[in-house]
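Each chain, letter by letter, is given below.
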Amino acid sequence: MSGHRSSDVIKLAQALIQRPSVTPEDAGCQTLINRRLAAVGFNIEEHFFVDTLNTWARKGDCGPHFCFAGHTDVVPTGDESAWHYAPFDGQIHDGMLHGRGAADMKGSLAAMVVATERFVTKHPDHKGSISFLITSDEEGPFINGTTRVIDLLEARNEKIDMCLVGEPSSRHQLGDVVKNGRRGSLTGHLKVKGKQGHVAYPHLADNPIHKATPALTQLSETVWDHGNEYFPATSFQISNIQGGTGAGNVIPGTVYVQFNFRFSTEVTADELKHQVTEVLKSHGLDYELDWIVNGLPFLTEPGPLLDVTLSAIEEITGVTSTPETSGGTSDGRFIAQTGCKVIELGPINATIHQLNECVSIEDLDNLALIYERILEKLLT
């Protein structure tokens, strides 16, 4: 389903792609978006924190309050000469829009803006409020973006009821997957101490790699939970181990281990920390351990937001969508912690962060129609 009225979606997506907004740069993307939103009655706030431009745009001051959330920053292109089409040109070939950010997530942003313009034009007296929360640091350290805007909104008691994040959720065809939650992410930075020495005289040294290995084996074999109907079981993965001086005849004095949990709602970050600490203590290790909570798990159960979204997808595309909580983290985790219901819906994610990122122009046109239908179902 696509037509002439959807051409504005592609034009806006091209204009956004042509602004090389490698994280945390915005490169003028939000200015372009904000001008269009202001023209249809949105109040625009721009908040710059350290190195990150953020937009909070809202139309209306009552509930229900529906928010579109997204990011203008993109990951680096890699070797530009290896791209089939220049990554910041926004070229269209064989029905596909090419460029960095086409799928993640400038295409979604374009669909959101155009869907909102159409909706407001058709329904100037719609009920409730519509807002946009846009950042330029989602692909980076995510410390000066959405989380800072949410802190600002919470400080003034400005609540969002429902939020749609435009992350590329679809797997094989547009709308086949909607993310109705995400697992939590907890990272541990572990330093195990020993005593450096000569490998020929191990009795004069204390090898921290040997000491840490049984504990790490136990952690890797632990069943943390069994998940539930919405989440897979919590996983523990060691991502980095560093030890040694570079010489083959030296027992190192320390070993550094980085590990990560992707955890379900069946367990808390504090419970995981406690269990890990108990294992390390049980092995008699001399260690230091620092934690980073990258995000807490969230879940939007069946209800108005999810039901409306699934219905809109089927009406526009004929696809019966599957709600999932798979994948990594997104800025939805910051918004969900306020009590807001959050889902993620965007184009096919097959080429995100890759060379030759691209998206179907028909899919972007249809995505705008889905977004518009969601607004109609929730706010009219």
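Residues numbered from 1 in each chain as written. Predicted model: local features only at pLDDT ≥ 70, side-chain atom pairs only at ≥ 80, totals over all residues. Heavy atoms only, no water.

Asker: Explanation requested: the overall build of the protein in the structure shown.
Answerer: Scanning the protein for helices and strands turns up nine helices and 19 strands. Principal axes of the C-alpha set define a box for the protein whose edges measure 80 × 45 × 40 Å. When contacts within the protein are restricted to residue pairs at least 6 apart in sequence, long-range pairs at least 24 apart make up 80% of them. Summed over its atoms, the accessible surface of the protein is roughly 15900 Å², and 50% of this surface lies on carbon and sulfur atoms. (Helix = DSSP H or I, 4+ residues; strand = E, 2+ residues; numbered from the N terminus. Contact = heavy atoms within 4.5 Å. Areas by Shrake-Rupley, 256 points an atom, 1.4 Å probe, with all protein chains shown as cover.)

Asker: Quick question: what am I supposed to make of the UniProt feature "binding site: Zn(2+) 2" (unreviewed entry) in the protein here?
Answerer: Under the present numbering, the feature "binding site: Zn(2+) 2" (unreviewed entry) in UniProt falls on Asp104, Glu139 and His353. Annotated residues spanning 250 residues; largest pairwise C-alpha distance 10.0 Å, indicating a single compact cluster. Among the secondary structure elements, Glu139 is positioned in the loop between strand E6 (129-135) and helix H4 (146-155). Note on Glu139: relative accessible area 18%, which makes it buried. Excluding residues that lie within four positions of it along the chain, Glu139 makes contacts with Thr23, His71, Asp73, Val74, Val75, Asp104 and His353. Turning to its location among the elements, His353 is positioned in the loop between strand E18 (341-344) and strand E19 (358-360). Overall, the relative accessible area of 43% leaves His353 in the partly exposed class. When sequence neighbours within four positions are dropped, the list of residues in contact with His353 reads Val75, Arg100, Asp104 and Glu139. Engagement of the side chain of His353 in a polar contact is seen with the side chain of Asp104, the distance being 3.1 Å. (UniProt positions renumbered as here; feature names shortened; annotations may be inferred. Buried < 20%, exposed > 50% of the residue type's maximum accessible area, 1.4 Å probe, protein only. Polar contact = N/O pair within 3.5 Å; in protein donor to acceptor, adjacent residues only side chain to side chain.)

Asker: I tried to follow the UniProt feature "active site" (unreviewed entry) in the protein on my own but got confused; where do I start?
Answerer: With numbering aligned to this structure, UniProt lists the feature "active site" (unreviewed entry) at Asp73 and Glu138. These residues run over 66 residues, yet every pair of their C-alpha atoms falls within 6.9 Å of each other. Here Asp73 is to be found in the loop between strand E3 (65-71) and strand E4 (92-93). By relative accessible area, Asp73 is classed as buried at 0%. With residues near it in sequence (within four places) discarded, Asp73 still touches Ser21, Thr23, Glu25, Thr135, Ser136, Asp137, Glu138, Glu139 and Gly140. Turning to its location among the elements, Glu138 is positioned in the loop between E6 and H4.

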